[in-house]
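The primary structure of each chain is shown beneath.
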Amino acid sequence: MSSSSSLSSSMSSSLFPKRTLGQTHCFCKVDATLKYSSTRRNPGRPFLGCPKYNTEGLPYCKFFKWADGNEEIEFRLQERNNELLRKENELEKMMDDVEKTKTELRKRVDEIEKRELVVSNREKELLEQQTEMRRGRILLRLYWGFLFVVVCYLVLFK
Ligand SMILES: [Zn+2]
């Protein structure tokens, strides 16, 4: 509408929300959304408005600004840029998660290796004990054999 157009343009720059980083905010201090007029006078004309407008249960402000020519393109570029930034952040988070899982996996592998080392040490100890027991049994047999020989000698040559 031309009346709202003149109204919005008559608003001084002090009343107008500041543009931070190229993004236009509405009076609710939320990023304004690009919409298209469906009025007879301005069919399909792009404008910036409150994103909460026409949303049930949400209070909205009366922010309105025609987005002609470069502004529409600028807005779209900004939106795309924001989306890219969001995706970049998501990717960074994902990379962080991947790094975390990597370090966790590494820790687990270390733990498993430690356990394996402990197990192999125990195996070695067990083997040593077994060989010692075998040695002990052989010594015992030798001892009994020697004793037998001594007893036989004593019995036969007394
Ligand atoms: Zn608003």
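Residues numbered from 1 in each chain as written. Predicted model: local features only at pLDDT ≥ 70, side-chain atom pairs only at ≥ 80, totals over all residues.

The helix and strand tally for the chain stands at two helices and five strands. Taken across its 158 residues, the chain has 8% of its residues classed as buried. A fraction of 36% describes how many contacts in the chain between residues 6 or more apart in sequence connect residues 24 or more apart. (Helix = DSSP H or I, 4+ residues; strand = E, 2+ residues; numbered from the N terminus. Buried ≥ 20, exposed ≤ 12 C-beta atoms within 10 Å, placed from the backbone. Contact = placed C-beta atoms within 7 Å.)

With that settled, consider the sheet that holds strand β4 (residues 43–49). Read from one edge to the other, the open sheet built from three strands follows the order β3-β4-β5, with strand pairing classed as antiparallel. Both edges of this open sheet fall to β3 (33–38) and β5 (64–66), since each of them pairs with a single strand only. Taken pair by pair, the neighbouring strands of this sheet meet at an average axis angle of 40 degrees, ignoring direction. Here β3 pairs with β4 via five bridges, running antiparallel. Each residue of the ladder has a partner; that of lysine 35, found in β4, is phenylalanine 47. (Pairing = 2+ DSSP bridges. Axes fitted to C-alpha atoms, helices over the stretch in contact; angles between N-to-C directions.)

Before going further, it helps to spend a moment on the UniProt feature "transmembrane region" (unreviewed entry) in the chain. In the numbering used here, UniProt assigns the "transmembrane region" (unreviewed entry) feature to residues 138–156. In the segment residues 138–156, helix accounts for 100% and strand for 0%; the C-alpha atoms at its two ends are 27 Å apart. (UniProt positions renumbered as here; feature names shortened; annotations may be inferred.)

Now for the nonpolar core. In terms of nonpolar packing, the biggest core is built from eight residues, these being Cys26, Ala32, Phe47, Leu48, Cys50, Phe63, Ala67 and Phe75. If sequence neighbours within four positions are ignored, phenylalanine 47 has contacts with Lys35, Ser37, Phe64, Lys65, Trp66 and Ala67. (Core = buried A, V, L, I, M, F, W, Y, C linked by C-beta atoms within 7 Å.)

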